[in-house]
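# Observations on the model geometry
Listed here are the chains, written in short residue letters.
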Amino acid sequence: MISTVVWGTGNVGRAAIRAVEAHPALDLAAVLVHDPAKVGRDAGELAGVDGQLGVAASDDIEAVLAERPRAVVYAASGDIRPDEALADVTRAMRAGAVVVTPALYPLYDHRGAPPEFRDPVLAAVAAGGGSLFVSGVDPGWGNDVLPLLISGLGSTVDAIRCQEIFDYSTYEQEESVRQLIGMGHPMEYEPLMLAPSVPTMVWGGQLRLIARALGVELDDIRETMERRALDATVSTRTMGTFDAGTQGAVRFEVQGIVEGEPRIVIEHVTRIHPSCAPDWPVPPDGGDGAHRVVIEGRPRIEVTVEASDEGENRSAGGNATAVGRLVNAIDWLVAAEPGLYDALDVPLRPAVGRLGRKQR
């Protein structure tokens, strides 16, 4: 069994605990938390599974890494603390662990990553023999392996569009939703995630991955951005009230330009309530989340993936599939040479040993 630590118990961490517990090759060795109120609580309680898992949450990073876990799922956010997240990840790698995480956007495509991110990781690989695989929580597979797989079903490909349609009203990360994305702020507020060049910093690596796999060169990466205000005040279950006239929806594209045309596009359509921007794309059944890949060409191919978890919550379902991609890669990474890996390196494999396996 591969001793595995889950570091963080938010939206991603809860799903990670469940995924590790369900995987026949992994053993949940420890759970690291930042919130003092979570210290000592059972991992099963924190993850919302039935029954106790017998692993008490800890905030003692040094003690947990001193046990030399073979793998770490780094589920803490890197949105507003990228330097701290990078330091945490390399610390685990120096302890010899394979690390999987969605937290380090610049390392989606590590070949194009700035030296200040890539060099510390390579130094940690050399020092400790660990490895790193980064894949997005939006989810990463929807912007790399899925479109590439579907592209292989066509005769010609004119363009590839990867689309996330998401309703934040069931999400549980208020600081990111309000401050980074700007939901509930006046329209003149300039949220960090929507600032010029930031979408490219986050999703440009995935465009480069697709281009590399298809054997094409990107001439440029461009951005488009639209924002809409709420017509009426709305209330959410997890994040409170969002006032009329404040930002209620965002639609943007990060476009990979090939021979002067946007041929590879990652598009996000996000709302705080379904009443905002109803003319923009919505999930096929009007639910709260979907991921779609459209291959323009001959034939035209469109695939929509909808996942739910924690009840019928599709925002949790998207997190769970993103986490599944990461957690299910751990045993492959453990068997591979130490190093820095991306989505084109790490295969997406069948769920061996998990058909009919019930989770507590």
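The rules we used
Residues numbered from 1 in each chain as written. Predicted model: local features only at pLDDT ≥ 70, side-chain atom pairs only at ≥ 80, totals over all residues. Heavy atoms only, no water. Buried < 20%, exposed > 50% of the residue type's maximum accessible area, 1.4 Å probe, protein only. Helix = DSSP H or I, 4+ residues; strand = E, 2+ residues; numbered from the N terminus. Pairing = 2+ DSSP bridges. Right-handed = clockwise from strand over helix to strand, strands pointing away. Axes fitted to C-alpha atoms, helices over the stretch in contact; angles between N-to-C directions. Parallel < 35°, antiparallel > 145°, perpendicular 65-115°, else oblique. Left-handed = near helix turned anticlockwise from the far one by under 90°. Contact = heavy atoms within 4.5 Å. Nonpolar A, V, L, I, M, F, W, Y, C, P; charged D, E, K, R; others polar. Lys, Arg positive; Asp, Glu negative; His and termini not counted. Salt bridge = Lys/Arg side-chain N within 4 Å of Asp/Glu carboxyl O. Polar contact = N/O pair within 3.5 Å; in protein donor to acceptor, adjacent residues only side chain to side chain. Phe/Tyr/Trp six-rings, centres within 6.5 Å; stacked < 30°, edge-to-face > 60°. Core = buried A, V, L, I, M, F, W, Y, C linked by side-chain atoms within 4.5 Å.

The side chains of a regular strand alternate, first on one face of the sheet and then on the other. Counting buried residues in strand 2 (residues 26-32) gives 5 out of 7 residues, a clear majority hidden from the surface. The pairing of strand 1 (residues 2-7) with strand 2 spans 6 bridges and is parallel. In the strand pairing of strand 2, I2 is matched with L26. A crossover links strand 1 with its parallel partner strand 2, the connecting element being helix 1 (residues 11-22), and its sense is right-handed.

Attention now goes to the sheet that holds strand 5 (residues 131-134). Reading across from one edge, 2-1-3-4-5-14 is the order of the 6 strands in this open sheet, with parallel pairing throughout. Both outer strands of the open sheet, strand 2 and strand 14 (340-341), are each paired with one neighbouring strand and no more. Note that strand 5 and strand 14 share 2 bridges and pair parallel. When the bridges of strand 14 are listed, L132 appears paired with L340.

Bringing the packing of helix 4 (residues 82-94) against helix 5 (residues 115-128) into the picture now. Viewed as axis vectors pointing N to C, helix 4 and helix 5 meet at an angle of 15 degrees, and their least axial separation amounts to 8 Å. In terms of orientation, helix 4 lies roughly parallel with respect to helix 5. Of the two possible hands of crossing, helix 4 and helix 5 adopt the one that is right-handed. Seen from helix 4, the contacting residues are P82, L86, T90, M93 and R94; seen from helix 5, they are E116, F117, P120, V121, A123, A124, V125, A127 and G128. Its residues assigned to classes, the contact of helix 4 with helix 5 comprises 10 nonpolar, 2 polar and 2 charged.

Our focus in this paragraph is the sheet that holds strand 11 (residues 261-271). The mixed open sheet is built from 6 strands, whose spatial order is 7-10-11-6-12-13. Bordering the open sheet on either side are strand 7 (220-229) and strand 13 (301-305), each of which pairs with just one other strand. Strand-to-strand twist in this sheet, taken as the mean axis angle between neighbours without regard to direction, amounts to 15 degrees.

It is worth spelling out the side chain of R325 at this point. Secondary-structure assignment places R325 in helix 9 (residues 314-327). Of the buried charged residues, R325 lacks a salt bridge, with D144 as the closest side chain of opposite charge at 5.0 Å. In terms of polar contacts, R325 uses its side chain to reach the backbone carbonyl oxygen of P347, at 3.2 Å. With near-sequence residues (within four places) excluded, R325 lies in contact with F133, S135, W141, V145, A343, V346, P347 and L348.

It is worth spelling out the packing of aromatic side chains at this point. Applying the stated criterion to the full structure yields 5 aromatic pairs. Taking the centre distance of 5.9 Å and the plane angle of 75 degrees together, the rings of Y105 and Y108 count as edge-to-face. One exposure class covers both Y105 and Y108, and it is buried. The interplanar angle of 85 degrees and the centroid separation of 5.5 Å between the aromatic rings of W332 and Y341 together place this pair among those described as edge-to-face. Look at W332 and you get partly exposed, because its relative accessible area is 25%.

Moving on: unusual backbone geometry. The phi angle of most residues is negative, glycine excepted, and most peptide bonds adopt the trans form. In this model, D138 is joined to P139 through a cis peptide bond whose omega is -10 degrees. Considering the arrangement of structural elements, one finds P139 in the loop between strand 5 and helix 6 (145-151). With an omega of -5 degrees, the peptide bond running from R298 to P299 counts as cis. With respect to the secondary-structure elements, P299 resides in the loop between strand 12 (289-298) and strand 13. Although it is not a glycine, R68 adopts a positive phi angle of roughly 55 degrees. Relative to the elements of secondary structure, R68 occurs in the loop between helix 3 (61-66) and strand 3 (71-74). Residue R68 is classed as exposed on the basis of its relative accessible area, which comes to 51%. Phi at S197 is positive, roughly 85 degrees, even though this residue is not glycine. For S197, the position within the fold is in the loop between helix 7 (174-180) and helix 8 (198-214).

Judged by nonpolar contacts, the single largest core of 70 residues is most densely connected at V99, L104, L132, Y168 and I272. Residue contributions to this core peak at 6 residues, all from helix 8. When residues no more than four places from it in sequence are discounted, the contact partners of L132 are V89, M93, V99, T101, L104, L107, V121, G339, L340 and Y341. In this structure, L26, V55, A75 and V98 belong to the second largest nonpolar core, which totals 35 residues.

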